[in-house]
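Working through the structure, step by step
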Amino acid sequence: MSIMRTRSINACTITIAAIAAMLMVYRWVDSQLGRTDYYTGFVLLASSIGLMTLSLRKKLIVLPLGAVVIWQQIHQYLGLFAVVTFAMHAGFPVHGILETALAVVFVLISLSGIVGWYINKTTPKKMLTAGNPVLREDIAIVRRSIAQQAYHIALSAAGKNESATLADHYTKYLSEFFSRRRSIAYCIVPTGKSRRKLLHGLEKISRYLGPDGKSSKQSLSELVIAKDDLDFQWAMQIRLRSWVVFHVSLVWSFFILVAYHIYLVYRFQGG
Amino acid sequence: MGLKPNLVSCDYQTHMKNAVAIERPKRWDHPLDPTMLLRDLDWLIESEPFASMDAACFPNTAPLIDILKNDARISRYEHGDVVIREGEYGGSAFIVIRGKVRTLVSRLDTTASQSTQRDRPSWLKLLADSLKRRPVPEVRNVAATRSSRGGEPALSTNVRSIDDKPRVFLQDASAILNGSTSEPLGEGELFGEMAAITRSPSHYTVIADGPVVLLEIRWQGLRLLRRDPLFQKQLDHRYRAASLKTHLRETLLFRFLPPEHLEKIAEATSLVSYGDREWFSEYKSTRQLDVQDQLLQEPIIIDEGSPVNDLVLIRSGFARRSYKLGAGHHTIAYLGRGETFGLSELIHNFRHGNTESTILPYQESLRAIGFVDVLKIPRQVMVEHAIPFIRGSELPVPIPSPRYESLGPIVRSASHADLRQEVVDPAFLEFLVDERLINGREVMLINTERCTRCDDCVRACARVHEGNPRFTRTGPQFGPFQFAHACMHCADPVCMIGCPTGAIGRDADTGIISINPQTCIGCSVCSESCPYDNIVMVQIHDARGRQLVDKQTQLPILQATKCDLCHSLPTGPACQSACPHEALVRIDASNLSKLQQWMDRS
C-alpha cells in the first residue's frame, strides 16, 4: 500500500473518530442541560481558525512545522469535520438574516473547497493533454509568436494565386482566433468547439489549394492546435487561480460575519 | 504567479535613474592572503618548485609573482590541526615549508574531527527575513567584509584560532597518529593537489605533526601554475601514481586481495582518460544533434565484439554501457566511480574459455560521457592476482545469452532482449544519460500530473532568497516528469571550474554547492559553464533598493545566483516542503531505484 493511501486512510479514521468524539461530548453537554449551541459554536470557531492556518503555514515556510502537504491534508479533513459541526450548530432551517447569510457563506466555502479539491486533482492531468507545460508569464509571448507565424504563412499564401483562398480564409476566420484571448466562459468550461470548427474549415478549403497551399494549410492547422492547447493551459491556470481568490475572499467574509455573530450572541445573551 | 529571476532584460532606463556607481570587481580583488608580505614573496619565488619555473610560460596578465601573491598564502598550524579532512572537496593544494604533516588513509573517528557546521541565522531572523516585503530583489551589502574563500562553512567545534584563522584540531592527536597508518610528508612536499585539480573529495586526512608552516595554493592558482611544463609533468606523475593506489585500495572487488597482489595489479594497471575535461563547453552544441549522433560523439572506451583484454574500472566521471540495436545503440546503464566493465566476460572466459570457440569478446560497448578517467587492468593480471580472491557472492551473474562470440556477432531472432531485471525504464535511463541528468545529486523533479502550477514552490524559494526565486519551473521532460532548472549540486560540478575568486564552492559536509556573494565578481564563468543553464546572472541592489552599477562604465553589476538547497534552513529545501500536492522532490538522480520508487508512487 502506498504511503499516500495509508495516510488518507489514517486521516479518514482520525476524522471519523473526531466527529464521534464531538458527538459524544455534545450528548453529554445536552444531558447535563448545558449550552450545546455554545459548545458547537466554539468547536466550529476553533475548526475555522484551524482551517485558516494553512495559508499562514505557507507564509511561514522557514519554520520547522512539517511539510505543507500535511497541512493541506489536515485542512481538507478539518473542513469535513467543520461541515458536520456546522450542521449541528446551525440546524435546519436557519432563521434570521445574519444567520442565513452566515450559513450561505459557509455552504459556499464548503462547496468551493470541494470544487477546489476536485479541480486540483484533475487539472494537472488535463493540462498534460495539451502539450508540455508553459509558464503562465510565458503564455503571452508564445501566443504572440504563434500569431506571427500564422500571419506570415497567410501573407506568403496571399502572394500566390493557388493559395490566395487560404489567405482569405485566414482573414475571415483565423486572424481573430490567433490574436485574441479566450472568453471568461471558455475559462470556466473550456471546450474544443472552436478548434474543431476551425480545423474543419481549413479542411473544407483544401480542395481549392495547390501543393504549396496544402502544405501552408497543414502548417496553419498545426498552429490552430498549438494555439488552442495554449489557450487551454491558460484557461486552466486562470481557473485555478480564480478559484483560490474566490475561496479566500469567502473565508474573509465568513470571519467578518462570525465576528458580528459572536458580538450579537454575547450582547444579547440571557442571564 | 510565475516568477522569473531578475534578468538583465529589466527596464534599463528606469533602473539607471537611481544607480550607484562602484568599482567593477576584478580578479584578485580578494587575494587569498591580503597580508602577504613582499619579503615572503621574494623568498617563495626563490624556493622550489617556483625557482625552477619558467616565467615565460605565464601570461602578462598573470605572472608567477602575482599568482603567488594572490592565490597563495602562508599558514601556520599547530600539532594536531587538521589540514585536510577525508571526504572534503578539494579547493587548495599545500606545500610543506617547515615542519612535518602526516597523511592518514584510514578513516578518522568522526567525533575526533568534528564536522564543521555552517553558521545558521536565528529562527527570528529567518522568520523576519522571509516575511519582509522587498520592493526590489537581490539586495547586497556592498560594505560587508569580503572573506577570501567561497562556499566554506564557518568552523564551530573543536576549533582554535591561530593567527586569527580558525583551525579544526584533534584533541588527542598523538594517540590517533600513533594508532593509525600514516605517512609523513616533510619539507618541500606537495599534497592535496589531486582533490584540488579533479574537484573530487580528498581520500585522506592530513594532520600537522608538530608546529608546521604550509604554503596553501588555491586551485585557481594551481591551474595557472600548470602552465609550467615541469610542474605539469610532476603533477601528472603524482596524479597517476597516487590516484591509482588509493582507488584500487577503495575498490570493493579488491578488498580481500593480499597487499602483494594489489601491488602487482597497481604495477600493471594503466590510467587512461577519455573525452574532454571541459566537456560542458561542447555539450550545448552537441545537445542539438540527433540522439544517435550525440552518442557517436562520445569517445569509445570499449567496442562491443572486441577481445577482452582488460577489466575497466571507472575512476571518475560517467560512462555509458550500450549495445547495438538496429541502426542505433541501446543504453543499458551508466557507470560511475568505482564501477567495473568487462568482469562478466572475464569471469566467463576464466571458467569456460578453454577453446577459441568458447571465449567471449566484450558483449557491450562502453563510451565516455563527458570526461572519464578509467583504470585498465590487463586480463592476465586479473586472472593471476584478482579473480582467485574475489568472493563467489560478488561475482557477476553468468552471461545468459551472448551477443558476440569470438568469430563475430551471434545472429538471433528479431529482438534481443536483455534478460537482466531493469531497475528503470530503459527509455528513461537513456533520457537521463542524454540530458546528463545523471550528474545531479539534488535534481528538482516535478510530477506535472500532480503539479497544479500554483507556484507555491517558487514563492517559498523567493521568500528564502532575497525575494528572487533560484529556479524556474521549466526544463527537460520525460512523460509527466519534469526536471526543473534548479541547481542539481552535481557529482561533477563543472561550474566550479574557472571561478577566478573561488566564490563558488562545495560544502565539505553536505556537498551543497553555493556562491559566496561577498566574493562573486559577476564574471559569468560559472553561469556559462553550467551545462544545464541553472546559474543565472542577476542585477544587484543596495539596501535602499538602488541598482549597483560600475563606476567607470555605468553598466549594471551582476552576480551569479543559483539554488543553494536552502542551506540556511534546517528544514531543508523550501520548494519541496512548500508543495501542497507532493508534486516536487529533490532527489539524487544517480539513485535509480529511489528515483523509480518516487515516480511509481506518484
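What counts and what doesn't
Residues numbered from 1 in each chain as written. Chains lettered and ligands numbered in written order. Predicted model: local features only at pLDDT ≥ 70, side-chain atom pairs only at ≥ 80, totals over all residues. Helix = DSSP H or I, 4+ residues; strand = E, 2+ residues; numbered from the N terminus. Buried ≥ 20, exposed ≤ 12 C-beta atoms within 10 Å, placed from the backbone. Contact = placed C-beta atoms within 7 Å. Rg over C-alpha atoms; globule rule 2.2 N^0.38 Å. Pairing = 2+ DSSP bridges. Axes fitted to C-alpha atoms, helices over the stretch in contact; angles between N-to-C directions. Domains from an automatic or database assignment. Nonpolar A, V, L, I, M, F, W, Y, C, P; charged D, E, K, R; others polar. Core = buried A, V, L, I, M, F, W, Y, C linked by C-beta atoms within 7 Å. pLDDT = per-residue confidence, 0-100. Parallel < 35°, antiparallel > 145°, perpendicular 65-115°, else oblique. Left-handed = near helix turned anticlockwise from the far one by under 90°. Bend = angle between axes of the 7 residues up to and from the residue.

Scanning chain B from N- to C-terminus turns up 18 helices and 28 strands. For chain B, buried positions account for 43% of its 602 residues. Nonlocal contacts in chain B, meaning residues at least 24 apart in sequence, comprise 79% of its contacts between residues at least 6 apart.

We now examine the overall build of chain A. From N to C terminus, chain A includes 9 helices and 0 strands. The helix and strand sequence of chain A, counted from the amino end, reads α-α-α-α-α-α-α-α-α. Relative to the globule expectation of 18 Å for 271 residues, the C-alpha radius of gyration of chain A, 27 Å, shows a markedly less compact shape. Once the C-alpha set of chain A is aligned to its principal axes, its extents read approximately 95 × 45 × 30 Å. A burial count over chain A gives 24% of its 271 residues as buried.

Further remarks concern the sheet that holds strand 5 (residues 101–104) of chain B. All names here are of chain B. Taken together, the 4 strands give an open sheet; going across it, the order is 3-10-5-8, and neighbouring strands pair in antiparallel fashion. Looking at strand neighbours, the two that pair on one side only are strand 3 (82–84) and strand 8 (182–185), the edges of this open sheet. With direction set aside, neighbouring strand axes in the sheet form an average angle of 30°. Summarising the sheet, strand 5 and strand 8 pair through 4 bridges and their orientation is antiparallel. By the bridge assignment for strand 8, leucine 104 is matched with serine 182.

Cis rather than trans, the peptide bond between Phe92(A) and Pro93(A) has omega equal to -5°. For the bond from Glu48(B) to Pro49(B), the omega torsion is 5°, close enough to zero to count as cis. Mapped onto the fold, Pro49(B) is located in the loop between helix 2 (38–45) and helix 3 (64–71). Of note, the phi angle at Leu33(A) is positive, near 60°, even though the residue is not glycine. Residue placement: Leu33(A) occurs in the loop between helix 1 (3–31) and helix 2 (36–59). With phi around 75°, Ser524(B) is a residue other than glycine that occupies positive phi space.

With that settled, the discussion passes to the domain arrangement of chain B. On domain assignment, one finds that chain B holds domain 1 (31–118 + 156–227), domain 2 (242–430) and domain 3 (435–601). A C-alpha centroid distance of 33 Å is found between domain 2 of chain B and domain 3 of chain B.

All names here are of chain B. Residues of strand 27 (residues 558–561) alternate between two faces, with Leu558 and Ala560 on one and Gln559 and Thr561 on the opposite face, all of them buried. The pairing of strand 25 (residues 536–539) with strand 27 spans 4 bridges and is antiparallel. Looking at strand 27, one finds that valine 538 is bridged to glutamine 559.

In this complex, chain A contributes 25 residues to the contact, which on the side of chain B involves 33 residues. It is helix 4 (residues 97–128) of chain A that contributes the most residues to the side of chain A that touches chain B, 5 residues altogether. In terms of residue class, the side of chain A that touches chain B is made up of 14 nonpolar, 6 polar and 5 charged.

Residue and element names in this part refer to chain B. Counting residues in each nonpolar core, the largest one holds 99 residues, and the members touching the most others are Ala319, Met444, Cys461, Ala574 and Cys575. Element by element, the count of residues in this core is highest for strand 17 (residues 365–378), at 8 residues. In contact with cysteine 461, other than residues within four places in its own chain, are Pro469, Arg470, Phe471, Ala574 and Cys575. Counting 39 residues, the second largest nonpolar core, distinct from the first, contains Phe94, Phe169, Val212 and Leu215.

Take Pro307(B): it is sitting in the loop between strand 13 (300–302) and strand 14 (310–325). C-alpha of Pro307(B) to C-alpha of Trp279(B): the two residues are 28 residues apart in sequence and 29 Å apart in space.

Below, the discussion takes up the confidence of the model for chain B. Residues and elements named next belong to chain B. Taken as a whole, chain B shows an average pLDDT of 80; of its residues, 82% reach a score of 70 or greater. Predicted confidence for residues 1–10 stays below pLDDT 50, and this span has 26 contacts to residues more than four positions away or in other chains. Predicted confidence is poor over residues 109–118, with pLDDT under 50, and the contacts of this stretch with residues over four places away or in other chains come to 24 contacts. Both scores are available for the predicted complex, with the pTM at 0.73 and the ipTM at 0.87.

Residues and elements named next belong to chain B. The strand order across the open sheet built from 4 strands is 21-22-20-28, with neighbouring strands paired in antiparallel fashion. Each having just a single partner strand, strand 21 (477–478) and strand 28 (584–587) make up the two edges of the open sheet. Sheet topology places strand 21 next to strand 22 (residues 481–483); 2 bridges connect them, and they run antiparallel. Bridge assignment links phenylalanine 478 to a residue of strand 22, and that residue is phenylalanine 481.

Moving on: the domain arrangement of chain A. Residues and elements named next belong to chain A. What the domain assignment lists for chain A is domain 1 (3–129 + 240–267) and domain 2 (136–238). The interface is formed by 6 residues belonging to domain 1 together with 4 residues belonging to domain 2. Residue assignment for the side of domain 1 that touches domain 2 shows that the elements contributing at least two residues are helix 4 and helix 9 (211–267). Of the residues contributing to the side of domain 1 that touches domain 2, the split by class is 2 nonpolar, 2 polar and 2 charged.

Mapped onto the elements of the fold, Gln148(A) is located in helix 5 (residues 136–158). As a C-alpha pair, Gln148(A) and Phe178(A) span 30 residues in sequence and 8.6 Å in three-dimensional space.

All right, on to the packing of helix 1 of chain A against helix 2 of chain A then. Residue and element names in this part refer to chain A. At a closest axis distance of 9 Å, the pairing of helix 1 and helix 2 adopts a crossing angle of 155°. When the interaxial angle is binned, helix 1 and helix 2 end up roughly antiparallel. You can see that helix 1 and helix 2 cross each other, and the crossing is right-handed. Contacts from Met22, Tyr26, Val29 and Asp30 in helix 1 reach Thr36, Tyr39, Thr40 and Val43 in helix 2. In terms of residue class, the contact of helix 1 with helix 2 is built from 5 nonpolar, 2 polar and 1 charged.

Below, the discussion takes up the environment of Asp373(B). Residues and elements named next belong to chain B. Along the chain, aspartate 373 falls in strand 17. We classify aspartate 373 as buried; it has 23 C-beta atoms within 10 Å. For the pair aspartate 373 and leucine 313, spaced 60 residues apart in sequence, the C-alpha separation works out to 8.7 Å. Dropping the residues within four chain positions of it, aspartate 373 is found in contact with Leu271, Ser273, Arg315, Ser316 and Gly317.

An α-helix turns once every 3.6 residues. As a result, residues three or four positions apart point the same way. All names here are of chain A. Taken as a whole, helix 6 (residues 164–179) carries its principal kink of about 55° at tyrosine 173. Inspection of helix 6 places Leu166, His169, Tyr170, Leu174, Phe177 and Phe178 among the buried residues, and these make up the whole buried set. Looking at the buried residues of helix 6, the elements they touch are helix 5, helix 8 (193–204) and helix 9.

Attention now goes to the packing of helix 5 of chain A against helix 6 of chain A. Residues and elements named next belong to chain A. Relative to each other, helix 5 and helix 6 sit at 165°, their axes nearing to 8 Å. Taken together, helix 5 and helix 6 sit at an angle that is classed as roughly antiparallel. The interaxial crossing formed by helix 5 with helix 6 has left-handed handedness. Counting all contacts with helix 5, which are made through Ile146, Ala147, Ala150, Ala154, Ala157 and Ala158, the residues of helix 6 involved are Ala164, Leu166, Ala167, Tyr170, Leu174, Phe178 and Ser179.

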